[in-house]
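This is what each chain is made of:
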Amino acid sequence: MTDGSARVWWRFLRNPGAMLGALILAGVVALAAAAPLLYPEGPFEMVGRPYAPPLSEFLLGTDMLGRDIAAGIAHGARISLLVGCVATLVIVLLGTLIGSLAGYFGGRVDSVLMRVTEFFQTVPSFIGAIVLVAILQPSLASVIGAIAIVSWAPLARLVRGEVISVRNREYVQSCVALGMGDARIILVQILPNVISTVVVAASLMVATAILFESGLSFLGLGDPNIMTWGFMIGAGRAAMRTAWWMVTIPGIAILLTVLAINLVGDGLNEALNPRLKQL
Amino acid sequence: MWQARLSYLLRRFAHGLPIVLAIVVVNFFLVRLAPGDAATVLAGEAGAATAQYMEQIRAQFGLDQPLYVQFLSYMKNILVFDMGYSFRHGRTVASLIFERLWATLLLMGTAMAISTGIGVLLGALAARYDRKPLGFAIVLFAIVSYATPLFWVGLMLIIVFALNLGWFPTSGIATIGADTGGLGHVLDVAHHLVLPALTLSFFYMALYTRLMRASMLETLRMDFVTTARAKGVAEGRVVRRHVLRNAILPVLTMAGVQVSGMLGGSVIVESVFGWPGLGLLAFESLAARDLNLLLGIFFLSSLLVVATNALIDLAYTLVDPRIELAGRSKRND
C-alpha cells in the first residue's frame, strides 16, 4: 500500500458518517448472503397466520397471505444489492466508454456523442424506464437494462469533462509524440486519473439504482417471480389501514440501505477529493 | 433587450427540436422492440380488443406498409398531436393526456415551489449555523430525506395524517359529490393537494438543502464577502444582499434539471394518492397494458422537459445578467 492510498483510507476511517454507513451496509450484505440459510423455504412460502403483527410469532410479522416479512426482507436484500451493483456496472462501462471517447477525440465524435448524451439526459428517466420495462416485459434483466439505459448519460458527461482536463497534460502529449496508440493512451494514461471521480459517482449510483428498482417494482413492474422490497410495499398498500407494518418495514429496509450507500459514497468523495469537500 | 431575449428563446427551442425528433424516432422503434406483432402489443395484447380496433391500429401505424412509409405516416400524425386512440378508455390519447395534464402541472408546480423555497431556507440556515446543533440537525434531515423512497414517504404520510389523524383526505383531487363551487372548490383541491405535494417535494427539498448549503459555504469564503464585511456592512445584510443572491444560482440550475426527475416522481406520487394527472394515467395504462397511451405520455412528458429547459435558460438570463443572450461569436454591445 502506497503512502497516498494509506492517507485516503485513514481519511475514510476517521469519518464517522462513512463508518456508520459502512457498518449498516455490511449488515445488509451479511443479511443478503445469509438469506438462503436463514429462510431456506424462500420468501413466497406461507408460514403462518396472515396479518400477524411484528414481535408476535414472527419477528417482523406476516403479510396478508401469511408470508414471513423477515424472509421477504432478507431475500429482497439480495435483489436490491444485485440490481444496484449490476446496473451500476453497466452504467460505469457505458458512461466511461462514451465519455472518454468524446473527451479524448473531441471534434465531430464529441459533438455526435454529446448529442446522444443530451437526448438521454432530457428524456424523463423514470418514465423512460417504465416504458422500456413495459415493452420488454418485466424481468430482472429488463429492469437492470432499463435502469442502465436511462442513467448512464450524466456519468458520460462527467467522464468527458475529466478526460478533457487530463488530455492536454504534458505526459499525455508525450505519449502521443512517442506514437502510443489511442486505446492504450486512454486506458493506461488517462483513465487511471479519472477513476476516483468514477468511483465516487458510481457508489452514489448504486443507491439511485436501488431506489429506481424499488419504484419500478412498487408500480408492479418487477419480475413477478422475485420478492423485492418495492413489491412488498406495493402489495401491502391494500392492507395499510389495518396492517401498517407491511408497508413500513420494507420501506425502512430501503431507507437504511440507500442511506448507508450514500454515506459511504460521501465518505469516499471526501477521502479521495479532500479539497472538494462539500458536505 | 427583450428582442434579444425573444430570439434567444426561439434559438433555444430550435436547439430542442432535434431532441423532439429523436424522441419521435425512439417512440416509433420502441413499439417494434416488443415481442410479437406490434398491433397486438399496442392493443394491450389481451383478447379484449375488437377486430375493428386492431384494424384501426394497423391503419394508424400502417403496419402492412414498408417501414419508411410507416415512419412517415407516424411522423405526420405526431406533428398534429394525433397519438392514436386508447381502446381501454374509448377516447383519443391526445384528449386523455391534455385532460390530465393540468393536474400534474399543479402538483409539480406546487412541489417545485415548496422544495426550492424550503430547500433554500434550510440550506442557508445550515450554512449560517455550520458546526452548530441547528446546522447539524438540518444536514442530518437532508441526508435521511435524500435516501427515502418517494412512495414510502407518501404511504407514511397517509398512515399518519390521513388514516390516524384524519387531517387530510387519503386520495383524489376533490371531494366526490361535493358541489361547493368557486372558492370552496379551490380550497377543497388545495386540501387534497397538501400531502401529494409534500411527498413529491421531500426528496428535492433534501437535494436543494444540500446544494444551497454547499453553495452558501463557498460564497461566504469569497473575497467580495470579506470586502463587504470590511466595509462595515452588517452581517445580516451581507448574507441577504451579497451571499444569498450568488449562492442561489446553482439551486436554480438544479431545479431546472430536476423537472425531468419530478415528472418521474409524479408517476409514483400520483399513483400513491390517486391524483388524476399524467402519472396516474401512466400507472393505469400500465395496469391495462395500454402501450399506445403510455407512449403518448412518454412523448408529451419529454416535450414538457424540452420546453421547461428552454424557459429555465431564459429565467437564468434574467437572474444573472452576465449570461450572454447573443451567443459567443457575435457580440454587438
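As annotated in an unreviewed UniProt entry, chain B carries the name ABC transporter permease and is attributed to Marinimicrococcus flavescens. Listed in UniProt under the heading Subcellular location (unreviewed entry), the comment for chain B reads: "Cell membrane". UniProt annotates chain B under Sequence similarities (unreviewed entry) with the comment "Belongs to the binding-protein-dependent transport system permease family."

Identification of chain A as ABC transporter permease from Marinimicrococcus flavescens is taken from an unreviewed UniProt entry. A UniProt comment under Subcellular location (unreviewed entry) is attached to chain A, and it reads "Cell membrane".

Visitor: Summarise the overall build of chain A; cite the residues concerned and give the values.
Guide: Scanning chain A from N- to C-terminus turns up 10 helices and 0 strands. Helices and strands appear in chain A in the N-to-C order α-α-α-α-α-α-α-α-α-α. Summarising its shape, the C-alpha atoms of chain A cover approximately 75 × 45 × 30 Å along the three principal directions. By residue count, 53% of the 279 residues in chain A fall in the buried class. In chain A, the proportion of contacts linking residues at least 24 apart, taken out of those at least 6 apart, comes to 72%. Total accessible area on chain A is roughly 12,500 Å²; 67% of this is exposed by carbon and sulfur atoms.

Visitor: Describe the domain arrangement of chain A, and please don't skip the residues or the numbers.
Guide: By domain assignment, chain A separates into domain 1 (1–36 + 227–273) and domain 2 (81–196). One C-alpha centre belongs to domain 1 of chain A, the other to domain 2 of chain A; they are set 26 Å apart.

Visitor: If you had to explain the UniProt feature "transmembrane region" (unreviewed entry) in chain B to someone new, which residues and values would you point to?
Guide: Residues and elements named next belong to chain B. UniProt's entry tags residues 12–31, 101–127, 134–163, 189–207, 247–273 and 293–319 with the feature "transmembrane region" (unreviewed entry), counted in the numbering of this structure. Within residues 12–31, the helical portion is 100% and the strand portion 0%, while the C-alpha atoms at the span's ends are 30 Å from each other. Along residues 101–127, the helical share is 100% and the strand share 0%, with 38 Å between the first and last C-alpha atoms.

Visitor: Describe a nonpolar patch on the surface, with residues and values.
Guide: Residue and element names in this part refer to chain A. The grouping of Trp9, Trp10, Leu13 and Met19 at the surface amounts to a nonpolar patch, some 440 Å² of accessible area in total. Per-element accounting of the nonpolar patch gives the leading share, 3 residues, to helix 1 (residues 3–13). Tracing the backbone through its elements, the reader meets Met19 in helix 2 (residues 16–38). The partly exposed category is assigned to Met19, whose relative accessible area is 30%.

Visitor: Please set out the packing of helix 2 of chain A against helix 3 (residues 69–105) of chain A residue by residue, giving values where relevant.
Guide: Residues and elements named next belong to chain A. Where helix 2 contacts helix 3, the two axes come as close as 8 Å, and the packing angle between them is 115°. The handedness of the crossing between helix 2 and helix 3 is left-handed. Contacts from Val28, Val29, Leu31, Ala32, Ala33, Ala35 and Pro36 of helix 2 reach helix 3 at Ile73, Ala74, His75, Ala77, Arg78 and Leu81.

Visitor: Outline the interface of chain B and chain A, supporting the account with residue identities and numerical values.
Guide: It is common to give the size of an interface as the accessible area that goes away when the parts come together. Taken together, the contacts link 48 residues of chain B with 41 residues of chain A. At the boundary of chain B with chain A, total buried surface from both sides reaches about 4,100 Å², with 76% on carbon and sulfur atoms. Tallied by class, residues from the side of chain B that touches chain A come to 35 nonpolar, 9 polar and 4 charged.

Visitor: Which residues make up the packing of helix 6 (residues 133–146) of chain B against helix 8 (residues 182–220) of chain B, and what are the values?
Guide: All names here are of chain B. For the pair helix 6 and helix 8, the least separation of the axes is 8 Å and the interaxial angle reads 135°. Of the possible angle classes, the one that applies to helix 6 and helix 8 is oblique. Seen along the crossing, helix 6 lies across helix 8 with a hand that is left-handed. Across the interface between the two elements, Ile138, Val139, Phe141, Ala142, Ser145 and Tyr146 of helix 6 pack against Phe202, Phe203, Met205, Ala206, Leu207, Thr209, Arg210 and Arg213 of helix 8.

Visitor: I'd like to hear about helix 6 (residues 140–167) of chain A, residue by residue, with values.
Guide: When the terminal C-alpha atoms of helix 6 of chain A are compared, their 39 Å separation across 28 residues agrees well with the 40 Å that a helix rising 1.5 Å per residue should span. At Trp152 of chain A, helix 6 of chain A is bent by approximately 40°, the largest bend along its length, and proline Pro154 of chain A sits one to four residues beyond.

Visitor: Which residues make up the side chain of Glu213 of chain A, and what are the values?
Guide: Mapped onto the elements, Glu213 of chain A comes out in helix 8 (residues 182–218). Look at Glu213 of chain A: it is buried, it has no salt bridge, and the nearest opposite charge is Arg78 of chain A at 13 Å.

Visitor: Outline unusual backbone geometry, listing residues and values.
Guide: Although it is not a glycine, Gln137 of chain A sits at a positive phi angle of roughly 75°. For Gln137 of chain A, the location among the structural elements is in the loop between helix 5 (125–136) and helix 6. The partly exposed category is assigned to Gln137 of chain A, whose relative accessible area is 28%. Of note in the backbone geometry, Arg131 of chain B takes a positive phi value of approximately 65° without being a glycine. For Arg131 of chain B, the location among the structural elements is in the loop between helix 5 (93–128) and helix 6. Overall, Arg131 of chain B belongs to the exposed group, its relative accessible area being 76%.

Visitor: Kindly report on the nonpolar core, identifying the contributing residues and their values.
Guide: Ranked by size, the top nonpolar core spans 136 residues in total, and within it Ile130 and Leu216 of chain A together with Ile97 and Leu200 of chain B carry the most contacts. Once residues lying within four places of it in the same chain are set aside, the contact partners of Leu200 of chain B are Leu107, Met108, Ala111, Leu150, Met262, Gly265, Ser266 and Val269 of chain B. Residues Leu113, Val166, Val172 and Leu191 of chain A belong to the second largest nonpolar core, which totals 27 residues.

Visitor: Tell me about the domain arrangement of chain B, residues and numbers included.
Guide: All names here are of chain B. In terms of domains, chain B is made up of domain 1 (16–93) and domain 2 (94–332). Contact residues are listed per partner, giving 26 residues for domain 1 and 22 residues for domain 2. Summing both partners gives a buried area of about 2,200 Å² for domain 1 against domain 2, and 64% of it is carried by carbon and sulfur. For the pair domain 1 and domain 2, the interface holds 9 residue pairs in polar contact (both at pLDDT 80 or more).

Visitor: Can you lay out the side chain of Ser260 of chain B for me, pointing to particular residues and giving the numbers?
Guide: Topologically, Ser260 of chain B is positioned in helix 11 (residues 259–273). Given the relative accessible area of 7%, Ser260 of chain B is considered buried. Setting aside chain neighbours within four positions, we find Ser260 of chain B in contact with Gln121, Thr122, Val123, Pro124 and Ser125 of chain A together with Val305 of chain B.

Visitor: So what's going on with the pattern of salt bridges? Which residues, and what values?
Guide: All names here are of chain B. Evaluated as defined, the whole model comprises 7 salt bridges over all chains. Salt-bridge contacts for Glu284 lead to Arg100; the nearest nitrogen and oxygen are separated by 3.2 Å. Here Glu284 is found in helix 12 (residues 278–287), whereas its partner Arg100 is found in helix 5, with 184 residues between them in sequence. Glu284 gets classed as partly exposed once you look at its relative accessible area, which sits at 27%.

Calculation notes
Counting from 1, residues in each chain are numbered in the order their sequence is written. Here the convention is simple: chains get letters from A, ligands get numbers from 1, in the order in which they are written. In view of the model being predicted, local features appear only for residues whose pLDDT reaches at least 70, and side-chain atom pairs are presented and counted only at 80 or more, with totals across whole chains, interfaces and linings using the full set of residues. Side-chain figures throughout are based on the complete set of non-hydrogen atoms in the structure, without hydrogens or water. UniProt positions are given in the numbering used here, feature names are shortened, and annotations may be inferred rather than shown by experiment. The secondary structure listing takes helices from DSSP runs of H or I that are at least 4 residues long and strands from runs of E that are at least 2 residues long, numbered from the N terminus. Working definition: with a 1.4 Å probe on protein chains only, accessible area under 20% of the residue-type maximum means buried, over 50% means exposed, and in between means partly exposed. We call two residues in contact when some of their heavy atoms are within 4.5 Å. Only the protein chains shown count as cover for residues, and all accessible areas are computed by the Shrake-Rupley method using a 1.4 Å probe. Domain start and stop points were drawn from an automatic or database domain assignment. A patch consists of residues exposed above 30% relative accessible area that lack any salt bridge, with like charges linked at up to 9 Å and nonpolar side chains (Val, Leu, Ile, Met, Phe, Trp, Tyr) linked at up to 5 Å. Salt bridges are defined by distance alone: a side-chain nitrogen of Lys or Arg within 4 Å of a carboxyl oxygen of Asp or Glu. Fitting a line to C-alpha atoms yields each axis, with helices limited to the stretch in contact; the angle taken between N-to-C directions then spans 0 to 180 degrees. By the definition used in this description, the sense in which the near helix is turned from the far one sets the handedness, with an anticlockwise turn below a right angle giving left-handed and a clockwise turn giving right-handed. Using a 1.4 Å probe, buried area is obtained as the accessible area two parts lose upon being combined, added over both of them. Following the grouping adopted for this structure description, the nonpolar residues are Ala, Val, Leu, Ile, Met, Phe, Trp, Tyr, Cys and Pro, the charged ones are Asp, Glu, Lys and Arg, and the polar ones are all others, Gly among them. Just so you know how the angles are binned, under 35 degrees is roughly parallel, over 145 roughly antiparallel, 65 to 115 roughly perpendicular, and the rest oblique. A helix's residues, less one, multiplied by 1.5 Å, set its expected span. Bend is the name given here to the angle between axes fitted to two runs of seven residues, the run ending at a residue and the run starting at it. Under the convention used here, Asp and Glu are negative, Lys and Arg are positive, and both His and the chain ends fall outside the count. What makes a nonpolar core is a set of buried Ala, Val, Leu, Ile, Met, Phe, Trp, Tyr and Cys residues whose side-chain atoms join them at distances within 4.5 Å. Pairs of N or O atoms are called polar contacts if they sit within 3.5 Å, as long as, within protein, a hydrogen donor faces a hydrogen acceptor (for residues adjacent in sequence, only side-chain-to-side-chain pairs).

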